[in-house]
Amino acid sequence: MSLLLGVFSAFCLLGAAQGQDMPYEDYMAQLRACPRECHCPRHFPNAVYCDNRGLKHIPKIPPHTLYLYLQNNLVEALSTEALINATQLRWLNINRNRVTDEGVEAGALGAMSQLLHLYMSDNLLTSVPAGLPHSLEQLQLSRNRISKIPAGVFSGMGQLNLLDLQGNKLLDDAVMEGSLKGLDGLVQMNLAKNQLSSMPTGLPPSTTQLFLDGNAIEKIPSEYFKGLPKVAFLRLNRNKLSNGGVPANVFNMSSILELQLSHNQLTEVPFIARGLEHLYLDHNRIKSLNGSNFCPVSTEALEDYANDSAPKLRYLRLDGNDIPPPIPRDVVTCFRLLRSIVI
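Residues numbered from 1 in each chain as written. Predicted model: local features only at pLDDT ≥ 70, side-chain atom pairs only at ≥ 80, totals over all residues. Heavy atoms only, no water.

## Some details on the overall build of the chain
Helix and strand counts for the chain stand at six helices and 13 strands. C-alpha atoms of the chain, sized along the principal axes, occupy 85 × 50 × 30 Å. Residue burial in the chain is summarised as follows: out of 343 residues, 49% are buried. Across the chain, every contact between residues at least 6 apart in sequence was considered, and the portion connecting residues at least 24 apart equals 48%. If you sum the accessible surface of the chain, you get close to 16600 Å²; carbon and sulfur atoms cover 51% of it. Charge-centre separation for the chain: the mean point of 30 positive side chains lies 4 Å from the mean point of 31 negative side chains. (Helix = DSSP H or I, 4+ residues; strand = E, 2+ residues; numbered from the N terminus. Buried < 20%, exposed > 50% of the residue type's maximum accessible area, 1.4 Å probe, protein only. Contact = heavy atoms within 4.5 Å. Areas by Shrake-Rupley, 256 points an atom, 1.4 Å probe, with all protein chains shown as cover. Lys, Arg positive; Asp, Glu negative; His and termini not counted. Charge placed at Lys NZ, Arg CZ, Asp CG, Glu CD.)

Given below as structure tokens:
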């Protein structure tokens, strides 16, 4: 019986190794090298779970680790010694620790040449760390103390498609063309809850999702979005925008699908693009609606029901203003695809 159990156990281990596309020898070496402070599941040996352990230092990582979870600890440093074997790492989560600028040792990040996702939110960084792997696709640095983006720090990082810097201390002069150079493939940029008073400059033309909520932006330059031809999702909630700071056609972009302007100081609905589908204007100072002022097509075009130029707006939020009911007929006439109006 004991012999049968031994054979069965070996068969199970071999099956698990094959399921992970690992040679059996590598599979066993990975399990043996698992740090005692961490957990390495037999059915998923490429993942090392060291989260929520009260760790002050990163334990030495096994050589075949692809996913490393270190969140919710007390780690202060990313050392090259601890990560010397992490050359195959694809995913590193070190959120909610105590990592400082000085704690990121030179070469510690760059050695992870296959890393795709790096999560370093809720730490003590004051600057975007240097020496980031050029392979990165997502970088999350939210809720640190970052006030500086060193020039050239993103050089060669054309694979990065998501950069999350929300909840930091970035001023206008920190987000400029030189600081963002190299992000040729960026899709989502999150700069919400910083200390910006103007629209950030130097954003890559590839930017599709731009989040600027919770800053102190008062004005949008009239030509601002000509350098951002792909913006489809724009969030400017909780800023200081008034109608004087919003030029007449600034949001008339062919690419835009969703525009959020909640909790600002607008007194009128801005002119919008024909293709816009979702518009958030709640909690402003709007007192009336005039469809002819912000309808993006002419009356003649509206008369042609088969015309593809009909406005695409489907959702309109206006609550938290001083707009008396009912909704004016010209608004309903213009935006015939509207399915929901919150007022």
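Once the structure has been displayed, the description carries forward.
## With respect to the nonpolar core
The biggest cluster of nonpolar side chains holds 92 residues, and the ones touching the most others in it are Phe154 and Phe225. Of all the elements in the fold, those that place two or more residues in this core are α2 (24–32) and α6 (329–334). With three residues, the single largest contributor to this core is α2. Apart from the residues lying within four places of it in its own chain, the contact partners of Phe225 are Met199, Ile220, Leu234, Val250, Phe251 and Met253. (Core = buried A, V, L, I, M, F, W, Y, C linked by side-chain atoms within 4.5 Å.)

## As for unusual backbone geometry
Here Pro325 and Pro326 are connected by a cis peptide whose omega angle stands at 0 degrees. For Pro326, the location among the structural elements is in the loop between β12 (315–317) and α6. The phi dihedral of Arg96 falls on the positive side, at around 55 degrees, and the residue is not glycine. Inspection of the secondary structure puts Arg96 in the loop between β3 (91–93) and β4 (117–119). Residue class for Arg96 comes out partly exposed when judged on its relative accessible area of 40%.

## Some words on the environment of Lys219
Looking at the secondary structure, you find Lys219 in the loop between β8 (209–211) and β9 (233–235). According to the relative accessible area criterion, Lys219 is exposed, its value standing at 56%. Taking the C-alpha atoms as reference, Lys219 lies 8.6 Å from Pro247; in sequence the two are 28 residues apart. Setting aside anything within four residues of it in sequence, one finds Lys219 in contact with Met199, Leu241 and Gly245.

## As for the packing of aromatic side chains
Taken as a whole and judged by the stated rule, the model has eight aromatic pairs. Each ring, one from Trp91 and one from Tyr119, has its centre 5.4 Å from the other, and the planes form 45 degrees; the classification is tilted. Of the two residues, Trp91 sits in strand β3 while Tyr119 sits in strand β4, which places them 28 residues apart along the sequence. When its relative accessible area of 27% is taken as the criterion, Trp91 is described as partly exposed. Between Phe225 and Phe251, the ring centres sit 6.3 Å apart and the planes meet at 45 degrees, which makes this aromatic pair tilted. Of this pair, Phe225 sits in the loop between β8 and β9 while Phe251 sits in the loop between β9 and β10 (258–260), and the two are 26 residues apart along the sequence. Neither Phe225 nor Phe251 differs from the other in exposure class; each is buried. (Phe/Tyr/Trp six-rings, centres within 6.5 Å; stacked < 30°, edge-to-face > 60°.)

## Details of α2
What α2 keeps buried is the set Tyr27, Met28, Gln30 and Leu31. One side of α2 carries all its buried residues, which in axial view fall inside an arc of 160 degrees. Exposed positions of α2 whose direction lies more than 90 degrees from the buried face are Glu25 and Arg32. (Arc of directions from axis to C-beta.)

## Overview of the state of the cysteines
Linking two cysteines covalently through their sulfur atoms gives a disulfide. One pass over the full model with this rule turns up three disulfides. Covalently, Cys34 is tied to Cys40 through a disulfide, its sulfur atoms 2.1 Å apart. Residues Cys34 and Cys40 are joined by a disulfide whose S-S torsion is about 90 degrees; by sign, that bridge is right-handed. What makes Cys40 buried here is its relative accessible area of 9%. (Disulfide = S-S within 2.5 Å.)

## Overview of the side chain of Asn73
Inspection of the secondary structure assignment puts Asn73 in the loop between β2 (67–69) and β3. By relative accessible area, Asn73 is classed as buried at 5%. A polar contact of 2.9 Å, which involves the side chain of Asn73, links it to the backbone nitrogen of Gly54. Among the polar contacts listed, one links the side chain of Asn73 to the backbone oxygen of Gln71, at a separation of 3.4 Å. Excluding anything up to four places from it in sequence, Asn73 contacts Cys50, Asp51, Asn52, Arg53, Gly54, Leu55, Arg96 and Asn97. (Polar contact = N/O pair within 3.5 Å; in protein donor to acceptor, adjacent residues only side chain to side chain.)

## Here we look at the confidence of the model for the chain
The pLDDT averaged across the chain works out to 91; a share of 91% of its residues lies at or above 70. This stretch, residues 1–19, has a pLDDT under 50; its non-local contacts, to residues over four places away or in other chains, come to 10 contacts. (pLDDT = per-residue confidence, 0-100.)

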